[in-house]
Amino acid sequence: MGNFIGFNRKGKTGGWLATAILLLLAEFCLSLFIGKYPIKLADLQAGDVQAWNVFFTLRLPRTCMAAAGGFGLGAAGEVYQMVFRNPLAAPDVVGVSSGASAGAAAAILFLSAAPGMVAAGAFVGGLLAVLLALGLSALASGRGHASIALAGVAVHALAQTVLMVLKLTADPEKELASIEYWIMGSLNAVTLSKILIPLLLCGVGLAVLFLLYRQILLLSVEEEEARLLGVSVGRMRLLILFCATLAVTAVVSVTGLISFIGLLAPHTARLLCRESGLPALWLSGLLGGVLLSGADMLARSIASAELPVSIFTLLLGAPFLIYLMMRKEG
């Protein structure tokens, strides 16, 4: 009976993975033809120069960034929740989002808002935040993942203070508006030249996470049990959190802050496949890609002016959080 249940569960998980892949592929293909400049397949087949320029310069890079970026955020969210053993764990736990926001704001103020510099500022800010949080947690030896969470709260508060100071010094009509727009998240400015390095860094971080998924599973149990199984808990946790942060920071350096993908995708994956480990990690990434691709298509098609992507991820995420709270109460 146990073998039958296990086989049935694996079959359902495989079915959900296949469904997520097909849905992501369908969104990917549809996204290539949706936008303010409509592209038709007939135009591409006819060799329309303008259509091909828009396709390769804007539409294809943006579509790739939505799918790959969503995958990175979803998979990293699953890792954060497993390592911290907390269903509400997210990049904010170690100050990544606030650090990236402060870095982007500094670049907008002091580097003339050059797109490449803003992305670099966000990337450096996010990485500095997590390195500071991990460094502070190392000083509090013996407290495990709780010390990292506390250090993350401190770094988050510090980065938010820096961000508020930068906002106060910003020009309300130009720089402040750019900072706020970046914080809301958008794929509007994505081009091929901007995504190559971020996607490479995100891929490296994710590759390490997938290779270490067994160690991630062991870190999701009690620390003493993990040590008995031969895991160097402290070093492995730092490596895994750094790689997850590398993936997240690489994505948000291009897209701005994208809310709830790293929270929503892992929860949905576990509800569907009812297991942790490699299948849940893959499904979390795929669902993250589905969510971000869908939100991006809505952001550029639902109104005459393009809307921030986080509006739609928040509309999905807030009801889901309420559902989780009600489910837990019940």
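First, a word on scope: everything that follows refers to the structure included in this document. (Residues numbered from 1 in each chain as written. Predicted model: local features only at pLDDT ≥ 70, side-chain atom pairs only at ≥ 80, totals over all residues. Heavy atoms only, no water.)

This paragraph deals with the overall build of the protein. The number of helices and strands found in the protein is 14 helices and zero strands. Seen in sequence order, the protein has helices and strands lined up from the N terminus as α-α-α-α-α-α-α-α-α-α-α-α-α-α. Across the 330 residues that make up the protein, the buried fraction comes to 48%. Carbon together with sulfur atoms contributes 70% to the accessible area of the protein, which is approximately 15800 Å² in total. (Helix = DSSP H or I, 4+ residues; strand = E, 2+ residues; numbered from the N terminus. Buried < 20%, exposed > 50% of the residue type's maximum accessible area, 1.4 Å probe, protein only. Areas by Shrake-Rupley, 256 points an atom, 1.4 Å probe, with all protein chains shown as cover.)

Applying the stated rule across the entire model yields five salt bridges. Asp-296 is the salt-bridge partner of Arg-62, the closest N and O atoms lying 2.7 Å from each other. With a gap of 234 residues between them, Arg-62 in helix α3 (residues 49-83) and Asp-296 in helix α13 (residues 278-299) connect regions that are remote in the sequence. Relative accessible area serves as the criterion here: at 8%, Arg-62 is assigned to the buried category. Judged by relative accessible area, Asp-296 falls into the buried class, the value being 0%. A salt bridge links Arg-300 to Asp-296; its shortest N-O distance comes to 3.0 Å. Each of the two residues, Arg-300 as well as Asp-296, counts as buried. Among the ionic contacts, a cluster of salt bridges with common partners joins Arg-62, Asp-296, Arg-300 and Glu-306. (Salt bridge = Lys/Arg side-chain N within 4 Å of Asp/Glu carboxyl O.)

Let us now look at the packing of aromatic side chains. Per the stated rule, a full pass over the model turns up seven aromatic pairs. Both rings, one in Phe-71 and one in Phe-210, keep their centres 6.2 Å apart while their planes meet at 25°; by these two values the pair is stacked. Residue Phe-71 is found in helix α3, and its partner Phe-210 is found in helix α8 (residues 192-211); the two are separated by 139 residues along the sequence. Assessed through its relative accessible area of 14%, Phe-71 is described here as buried. Judged by relative accessible area, which is 15%, Phe-210 ranks as buried. Between Tyr-80 and Phe-84, the ring centres sit 6.5 Å apart and the planes meet at 15°, which makes this aromatic pair stacked. (Phe/Tyr/Trp six-rings, centres within 6.5 Å; stacked < 30°, edge-to-face > 60°.)

Packing of α3 against helix α12 (residues 261-273) brings their axes to within 7 Å, and their N-to-C directions diverge by 70°. In terms of orientation, α3 and α12 fall into the roughly perpendicular class. Residues Gly-70, Leu-73, Gly-74, Gly-77, Glu-78 and Gln-81 of α3 lie in contact with α12, whose contacting residues are Ile-261, Gly-262, Leu-263, Ala-265, Pro-266, His-267 and Arg-270. Grouping the amino acids of the contact of α3 with α12 by side-chain chemistry returns five nonpolar, six polar and two charged. (Axes fitted to C-alpha atoms, helices over the stretch in contact; angles between N-to-C directions. Parallel < 35°, antiparallel > 145°, perpendicular 65-115°, else oblique. Contact = heavy atoms within 4.5 Å. Nonpolar A, V, L, I, M, F, W, Y, C, P; charged D, E, K, R; others polar.)

Along its 20 residues, α8 runs 28 Å from first to last C-alpha, staying within 8% of the 28 Å computed at 1.5 Å per residue. Tucked inside the fold, the buried residues of α8 contact α3, α9 (213-219), α11 (233-255) and α13. (Expected span 1.5 Å × (residues − 1).)

Quick look at the nonpolar core now. In terms of nonpolar packing, the biggest core is built from 81 residues, with Val-79, Tyr-80, Phe-84, Val-94, Leu-206, Leu-209 and Ile-240 touching the most fellow members. For this core, the leading source of residues is α11, giving 13 residues. Setting aside anything within four residues of it in sequence, one finds Leu-209 in contact with Val-79, Ile-216, Ile-240, Cys-243, Ala-244 and Leu-281. The next biggest cluster of nonpolar side chains, apart from the first, holds six residues, and it includes Ile-39, Leu-44, Ala-51 and Val-54. (Core = buried A, V, L, I, M, F, W, Y, C linked by side-chain atoms within 4.5 Å.)

Nonpolar side chains collect at one region of the surface, where Leu-132, Leu-136, Leu-139, Leu-158 and Val-162 lie side by side and expose about 460 Å² of accessible area between them. Mapped by element, the contributors of at least two residues to the nonpolar patch are α5 (115-139) and α6 (144-169). Of all the elements, α5 adds the most residues to the nonpolar patch, at three residues. Position of Leu-132 among the secondary structure elements: in helix α5. The exposure class of Leu-132 is partly exposed, given its relative accessible area of 37%. (Patch = residues over 30% accessible without salt bridge, like charges linked within 9 Å, V, L, I, M, F, W, Y side chains within 5 Å.)

Locating Gly-121 in the fold gives a position in helix α5. Given the relative accessible area of 16%, Gly-121 is considered buried. Those residues in contact with Gly-121 that lie beyond four places of it in its chain are Gly-103, Ala-104 and Ala-107.

Between α3 and α13, whose axes approach to 6 Å, the crossing angle comes to 140°. Put simply, α3 runs oblique to α13. Viewed along their axes, α3 and α13 form a crossing whose handedness is right-handed. Contacts between α3 and α13 involve Arg-62, Met-65, Ala-66, Ala-67, Gly-69, Gly-70, Phe-71, Gly-74, Ala-75, Glu-78 and Val-79 from the first element and Ala-280, Leu-281, Trp-282, Ser-284, Gly-285, Leu-286, Gly-288, Gly-289, Leu-292, Ser-293 and Asp-296 from the second. Class assignment for the residues of the contact of α3 with α13 results in eleven nonpolar, eight polar and three charged. (Left-handed = near helix turned anticlockwise from the far one by under 90°.)

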